[in-house]
Amino acid sequence: MNFLDRSRTVAPPGWSRWLVPPAALAVHLSIGQAYAWSVFKPPLESALGLSGTASALPFQLGIVMLGLSAAFGGTLVERNGPRWAMFVSLICFSSGFLVAALGAAAGQYWLVVLGYGFIGGIGLGIGYISPVSTLIKWFPDRPGMATGIAIMGFGGGALIASPWSTGMLDSFGADRSGIASAFLVHGVVYAAFMALGVLLVRVPPDGWLPEGWEPKQETRTLVTTAQVSARNALRTPQFWCLWVVLCMNVTAGIGILEKAVPMIQDFFADTSAPVSVSAAAGFVALLSLANMGGRLLWSSTSDLIGRKNMYRVYLGVGALMYVVIAQLGNDSKPLFICCALVILSFYGGGFATAPAYLRDLFGTYQVGAIHGRLLTAWSTAGVLGPLIVNRVADAGERAGHSGPSLYTTSLTIMIGLLVVGFVANECIRPVHARFHEAPEGSPRVHQQS
């Protein structure tokens, strides 16, 4: 396919770099549907007789495959370019929905897991990293903001998908046939929307810099002008400290996100104002909005205060929010919602800030491939977060517990994980010169921005 040729994606003179974020958003808003999986959990549990832990499996596997495909496909994305990566993401993500639709219609849950989790998960990983390196190259002056704009689309995907999926289930029905129809529509519509990003994306010419901007040595201690290869990055303690930081932050956030609908209903089930299914779906949409907004707000803030300080906020304040939920969550619905929104904004911000943190530590040389390998932390967290929350809740139900007591232990675990992440962030230091690539001169071409 000639249109996938990398040479055809190089921007011509005069191309506006501001056309690239919308291309990234077209892909990220689509694959961000994964964050609305909790809408499908109750219907699947009822239609197929699944437990809460079992109904989380497609989501968990999807996140695992996201990290693995990003790690193993990162070098291919760097080599073949963003258009190739976005096209592969489109094929995998959309066909995953079609296979899941077949599984739901036939009552074969393993096909739902295979389609949505395994095949769709590959689309998640390749699509997620597809624009990151390109955006950092287009916006060397504002890397946090640039990646935040695109990656906020992944966080905001559920803002669209949650009410849309709920509406389809209301129209088609929450039985096997209705779930299958909803999956089918998702697959077709997302394919068309992602195609816009495939056709629009461009990469800058070699050596391109924004007009009027020159790279300069920054004063923040972790920022480097040196370059580190993906292979060498894996040998540094900085990479693995950041891996722990991301894993802990994601585990803490994803546990709430995957269990959002049943969690808020359980917290207020025995109060005078229980939460309805539609209100719970609205809560998911609010979480998505916080997830999305945090990706842009906090990543842009990190351009001002530095990545390390930003992660201190994510992990330290996040732990305090969990303490408030554990102690006072069911006393006030607004308090519970506000704390959850802050946690999810930090969760999203952590994702959007990570590429810029990597760029600060390792340079831009193979930042896309390094980012792909870092996302294995997300794979690990995608298993840990839902597993902790669902297993504790299922065990509590078997023991006769109900309401907030179903989550007390898991909330305490999340607090501990955030503290571990905070300590890991404090251990990050500048990368030693022995890991740097030899300096290499390259011509620079200025274009209009």
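Everything discussed here concerns the structure shown above.
Residues numbered from 1 in each chain as written. Predicted model: local features only at pLDDT ≥ 70, side-chain atom pairs only at ≥ 80, totals over all residues. Heavy atoms only, no water.

A.B. asks: Could you clarify how one ought to interpret the nonpolar core in this entry?
C.D. replies: Most often, soluble globular proteins keep nonpolar side chains buried together rather than apart. Core analysis: the largest hydrophobic core is formed by 123 residues, its most contacted members being Phe-183 and Trp-378. If sequence neighbours within four positions are ignored, Trp-378 has contacts with Tyr-35, Ile-63, Leu-66, Tyr-128, Phe-154, Val-250, Ile-254, Tyr-347 and Phe-351. With 16 residues, the next largest nonpolar core counts Leu-135, Met-145, Trp-208 and Met-292 among its residues. (Core = buried A, V, L, I, M, F, W, Y, C linked by side-chain atoms within 4.5 Å. Buried < 20%, exposed > 50% of the residue type's maximum accessible area, 1.4 Å probe, protein only. Contact = heavy atoms within 4.5 Å.)

A.B. asks: Would you mind showing me how to read the pattern of salt bridges here?
C.D. replies: Working definition: two side chains of opposite charge can pair if their charged atoms are close together. In this structure the tally under the stated criterion is 7 salt bridges. Residue Glu-426 is joined to Arg-312 by a salt bridge in which the shortest nitrogen-to-oxygen separation is 2.6 Å. With Glu-426 in helix α18 (residues 408-426) and Arg-312 in helix α14 (residues 307-328), this residue pair connects regions lying 114 residues apart in the sequence. Residue classification places Arg-312 among the partly exposed positions, given a relative accessible area of 30%. (Salt bridge = Lys/Arg side-chain N within 4 Å of Asp/Glu carboxyl O. Helix = DSSP H or I, 4+ residues; strand = E, 2+ residues; numbered from the N terminus.)

A.B. asks: Help me understand the packing of aromatic side chains, please; the structure alone is not making it clear to me.
C.D. replies: The way to describe two aromatic rings as a pair is by their centre distance and the angle between their planes. Using the criterion set out here, one finds 29 aromatic pairs in the structure. Taken together, a centroid distance of 5.4 Å and an interplanar angle of 35° make the contact between Tyr-311 and Tyr-357 tilted. Highlighted residues: Tyr-311 in helix α14 and Tyr-357 in helix α15 (residues 333-362), separated in sequence by 46 residues. Tyr-311 gets classed as buried once you look at its relative accessible area, which sits at 1%. Note on Tyr-357: relative accessible area 0%, which makes it buried. (Phe/Tyr/Trp six-rings, centres within 6.5 Å; stacked < 30°, edge-to-face > 60°.)

A.B. asks: Explanation requested: the environment of Phe-422 in the structure shown.
C.D. replies: Of note, Phe-422 is situated in helix α18. Classification of Phe-422 as partly exposed rests on a relative accessible area of 30%. Residues Phe-422 and Ala-260, spaced 162 residues apart in sequence, show a C-alpha to C-alpha distance of 25 Å. Among residues more than four places away in sequence, those in contact with Phe-422 are Arg-312, Leu-315 and Gly-316.

A.B. asks: Any chance you could explain helix α2 (residues 41-48) here in plain terms?
C.D. replies: Along an α-helix, residues three or four positions apart point the same way, because every turn accommodates 3.6 residues. Along α2, the positions that sit buried rather than exposed are Lys-41, Pro-43 and Leu-44. Viewed along the axis of α2, the buried residues span an arc of 165°, placing them on a single side of the element. Trailing α2 by a residue or two, Gly-49 shows a phi angle of about 65°, which is positive. (Arc of directions from axis to C-beta.)

A.B. asks: Help me out: how do you make sense of the packing of α14 against α15 in this one?
C.D. replies: Between two packed helices, the angle of one axis relative to the other and the distance separating the axes together describe the packing. α15 packs onto α14 with a crossing angle of 160° between their chain directions and a minimal axis gap of 9 Å. On the basis of the axis angle, α14 is roughly antiparallel to α15. The two elements α14 and α15 cross, and the hand of that crossing is left-handed. Residues of the contact of α14 with α15, tallied by class, amount to 20 nonpolar, 4 polar and 4 charged. (Axes fitted to C-alpha atoms, helices over the stretch in contact; angles between N-to-C directions. Parallel < 35°, antiparallel > 145°, perpendicular 65-115°, else oblique. Left-handed = near helix turned anticlockwise from the far one by under 90°. Nonpolar A, V, L, I, M, F, W, Y, C, P; charged D, E, K, R; others polar.)

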